[in-house]
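What the coordinates show
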Amino acid sequence: MKPNVLFIIDSFEQGGSERQALQLLRQLHESGDCRVHLACLQDRGSLRADADRLRLGEISEYALTSFYDLNFIRQLRRLAHFLKEKKIDVVHTHCFYTNVFGMTGSFWARVPARITSKGETDGFRTSMQKRAERAAFRLAHRVIANCQVVRNQLIREGVNPGRIVQHYNGLDLDRVRIVPGLTRETARAKFGLPEGRRFITIVANLHNPVKDHPTFLRAAARVRARVPDAAFIVAGEGALMEGLRNQAEELGIGKDVFFVGRCDDIATLLYASDIGVLSSKAEGFANAILEYMAASLPVVATDVGGAREAVVEGKTGCLVTSGDDVTMAERIMQLLTAADARAMGEHARAIVETEFSAEKHLQNTLELYDELLSARKRLPRKVHEESWLAGQ
């Protein structure tokens, strides 16, 4: 019998965890190894169209207002009813809010396999939120860490190491595959970029200050002062855009920074680029780094989260200390003049193909489901739950 699997995501916005979850959901659906279902906490965002194309049936929304009100209890009851009605075998959650909600509801419903995901390091959650998530982890059979840094943090925070599995994010290479015959001139024209410039690109949402675009812009100003043909692309949308535009003007690089907004054609944008940059103060395992590498771009990234698990210093790019715009600028200029920059980009792509492919992520996930469900079948429910609780 194929297992019934429910994914719960926060929303359909263009966030890294949402894209990863929907990519994996599509792969599971197309593999034919599972019957997949999808639910969300907020039914909004441009990725909803991608979900609809999968034709999974109704996508339930469990709109939360708090973890501490009557609505939370009502939504938990709705979820538990759905889990029992559909005979769900696996609940797989993908971010902080879905971890707390999904693990609580699936524990109530005694779902055989309960899996959470953690893709953040310090810098994202309050102390109260961390306590709530740790409680959710105690209700889960497995916690997926998307890099070794996150796994180590979970252990430091008291999560049972035997309950943690480490799976790297997987990148669908089709996401960065360019259409045949595309030229760099055409790619740049699509985004209104001028010819005769070399482009340093950052792809990150403009909602969260942790992405630290100001450091990127300060580094950009330093590079522009030394490299006349350097120009900079900021891809992403959010409330921080106006302030960043003002900062670029104040730094004297207003005409050299191109804010292209939300980018649905990441392949063409990165084909128009020469270097990819991550300037974050904190990350788990940044999908942007994998996209840069898969597009054969050398990378300059802040040494946060799992960045050094992907970027090989001096071979696929450079790592710098968070907030250090001086060193960031120096490393960007080194790559702009490096004779082996193209070879570095090709090496980066080869690493993604072998270590961080979507296919490998799918295989890891299916093996985890099989492991948990096989163990569950070997024990009666009462014995299984008692043994699981003893492991807390």
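Scroll up a little and you will see the structure.
All residue numbers here refer to positions counted from 1 along the written sequence of the relevant chain. Note on the predicted model: pLDDT of at least 70 is required for a residue's local features to be given, and 80 or more for side-chain atom pairs to be given and counted; whole-chain, interface and lining totals, by contrast, use all residues. Hydrogens and waters are ignored; side-chain quantities use all the structure's heavy atoms.

1. What about the overall build of the protein?
The helix and strand inventory of the protein stands at 16 helices and 13 strands. Restricting the calculation to C-alpha atoms gives the radius of gyration, and the globule rule supplies 2.2 Å times the number of residues raised to the power 0.38. Computed over its C-alpha atoms, the radius of gyration of the protein comes to 22 Å, within 12% of the 21 Å expected for a compact globule of 392 residues. Dimensions of the protein, computed from C-alpha atoms along their principal axes, come out at roughly 70 × 45 × 35 Å. Classification of residues uses two cut-offs on accessible area relative to the type maximum, computed with a 1.4 Å probe and protein chains only: under 20% is buried, over 50% is exposed, and between them is partly exposed. Scored against the burial criterion, the 392 residues of the protein give a buried share of 55%. Contact between two residues is taken to exist if any of their heavy atoms lie within 4.5 Å; hydrogens are not considered. Contacts spanning at least 24 positions in sequence make up 70% of the contacts within the protein whose residues lie at least 6 apart. Counting from the N terminus, the helices are the DSSP runs of H or I reaching at least four residues and the strands are the DSSP runs of E reaching at least two.

2. As for helix 14 (residues 341–355)
Take the residue count of a helix, subtract one, and multiply by 1.5 Å to get its expected span. For helix 14, with 15 residues, the first-to-last C-alpha span of 21 Å sits near the 21 Å given by 1.5 Å per residue. Turning to helix 14, its buried residues are Ala-341, Met-344, Gly-345, Ala-348, Ile-351 and Val-352. One face of helix 14 carries all of its buried residues, which in axial projection span an arc of 115°. Every exposed residue of helix 14 that faces more than 90 degrees away from the buried side is listed here: Arg-342 and Thr-354. Looking at the buried residues of helix 14, the elements they touch are helix 11 (287–294), strand 13 (317–320) and helix 13 (325–337). Directions pointing from the helix axis toward each C-beta atom define the arc.

3. Structural notes on helix 3 (residues 70–85)
Side chains of residues three or four places apart in an α-helix project in the same direction, reflecting 3.6 residues per turn. Taking 1.5 Å as the rise per residue, helix 3 with 16 residues should run 22 Å; its terminal C-alpha atoms sit 23 Å apart, in good agreement. Among the residues making up helix 3, those that are buried are Asn-71, Phe-72, Gln-75, Leu-76, Leu-79, Ala-80, Phe-82 and Leu-83. Contact partners of the buried residues in helix 3: strand 1 (4–9), strand 2 (35–40), strand 3 (60–61), strand 4 (90–93) and helix 4 (96–108). Residue Lys-87 follows helix 3 closely and has a positive phi angle near 55°.

4. Things to note about unusual backbone geometry
The backbone phi angle of Arg-55 is positive, close to 55°, even though this residue is not glycine. The residue Ser-296 is not glycine, and still its phi comes out positive at about 65°.

5. Points about the pattern of salt bridges
Salt-bridge detection follows one rule: a side-chain nitrogen of Lys or Arg within 4 Å of a carboxyl oxygen of Asp or Glu. Scanning the model with the defined rule gives 27 salt bridges in all. The closest approach of N and O atoms between Arg-175 and Glu-291, which form a salt bridge, is 2.7 Å. With Arg-175 in the loop between strand 7 (164–166) and helix 7 (184–190) and Glu-291 in helix 11, this residue pair connects regions lying 116 residues apart in the sequence. You can call Arg-175 partly exposed: its relative accessible area is 26%. A salt bridge links Arg-224 to Asp-256; the shortest N-O distance between them is 3.1 Å. A residue pair is termed long-range when its members are at least 10 positions apart, and Arg-224 in helix 8 (residues 213–226) and Asp-256 in the loop between helix 9 (241–250) and strand 10 (257–261) qualify at 32 residues. For Arg-224, a relative accessible area of 26% corresponds to the partly exposed category.

6. Some remarks on empty space enclosed by the protein
A water-sized probe, rolled over the atoms, reveals where empty space remains. Put plainly, a pocket is an open set of points on a 1 Å grid over the protein atoms alone with protein on both sides within 12 Å along at least five of seven lines, a cavity is a set where a 1.4 Å probe fits but cannot get out, and a lining residue has an atom within 4 Å of a point. Grid points are joined across faces, edges and corners, and a volume is the space filled by probe spheres set on the points. In the structure shown here, the tally under the stated rule is 1 cavity of 30 Å³ or more. Roughly 70 Å³ of internal volume is contained in the largest cavity. Forming the boundary of the largest cavity are Lys-118, Glu-120, Thr-121, Asp-122, Phe-124, Arg-125, Lys-130, Glu-133, Arg-134, Phe-137, Gln-153 and Glu-157. Looking at which element gives the most residues to the lining of the largest cavity, the answer is helix 5 (residues 127–139), with 4 residues.

7. Points about the sheet that holds strand 5 (residues 113–118)
Pairing between strands requires that DSSP locate at least two bridges from one strand to the other. Within the open sheet, the 7 strands sit side by side as 3-2-1-4-5-6-7. Their pairing is parallel. With partners counted over all chains shown, the strands left at the sheet margins are strand 3 and strand 7, one partner each. Note that strand 6 (residues 142–145) and strand 7 share 3 bridges and pair parallel. Bridge pairing in strand 7 places Val-143 opposite Ile-164.

8. Regarding the packing of helix 3 against helix 4
Each pair of packed helices gets described by two things: the angle between the helix axes and the distance between those axes. One way to put it is that helix 3 packs onto helix 4 with a least axis distance of 8 Å and a crossing angle of 55°. Accordingly, the angle class assigned to the pair helix 3 and helix 4 is oblique. Taken as a pair, helix 3 and helix 4 cross one another with a handedness that is right-handed. Taking contact as the criterion, the partners of Phe-72, Ile-73, Gln-75, Leu-76, Arg-77, Leu-79, Ala-80 and Leu-83 in helix 3 are, on helix 4, Phe-101, Gly-102, Thr-104, Gly-105, Ser-106 and Trp-108. Each residue is assigned to one class: nonpolar for Ala, Val, Leu, Ile, Met, Phe, Trp, Tyr, Cys and Pro, charged for Asp, Glu, Lys and Arg, and polar for all the others, Gly among them. Split into classes, the residues belonging to the contact of helix 3 with helix 4 amount to 8 nonpolar, 5 polar and 1 charged. A fitted line through C-alpha atoms represents every axis, and for helices the fit uses only the stretch in contact; the resulting angles, taken between N-to-C directions, go from 0 to 180 degrees. Reported orientations rely on four angle classes, namely roughly parallel under 35 degrees, roughly antiparallel over 145, roughly perpendicular from 65 to 115, and oblique for the rest. The hand of a helix crossing depends on one turn: near helix anticlockwise from the far one by less than a right angle means left-handed, and clockwise means right-handed.

9. Concerning the sheet that holds strand 9 (residues 230–235)
Strand pairing in a sheet relies on backbone hydrogen bonds. The paired strands run either parallel or antiparallel. With parallel pairing, the 6 strands of this open sheet are ordered in space as 10-9-8-11-12-13. What marks the edges here is a single partner per strand, and that holds for strand 10 and strand 13. With direction set aside, neighbouring strand axes in the sheet form an average angle of 20°. Taken together, the 4 bridges between strand 12 (residues 299–302) and strand 13 define a ladder with parallel strand orientation. Bridge pairing in strand 13 links Val-300 to Cys-318.

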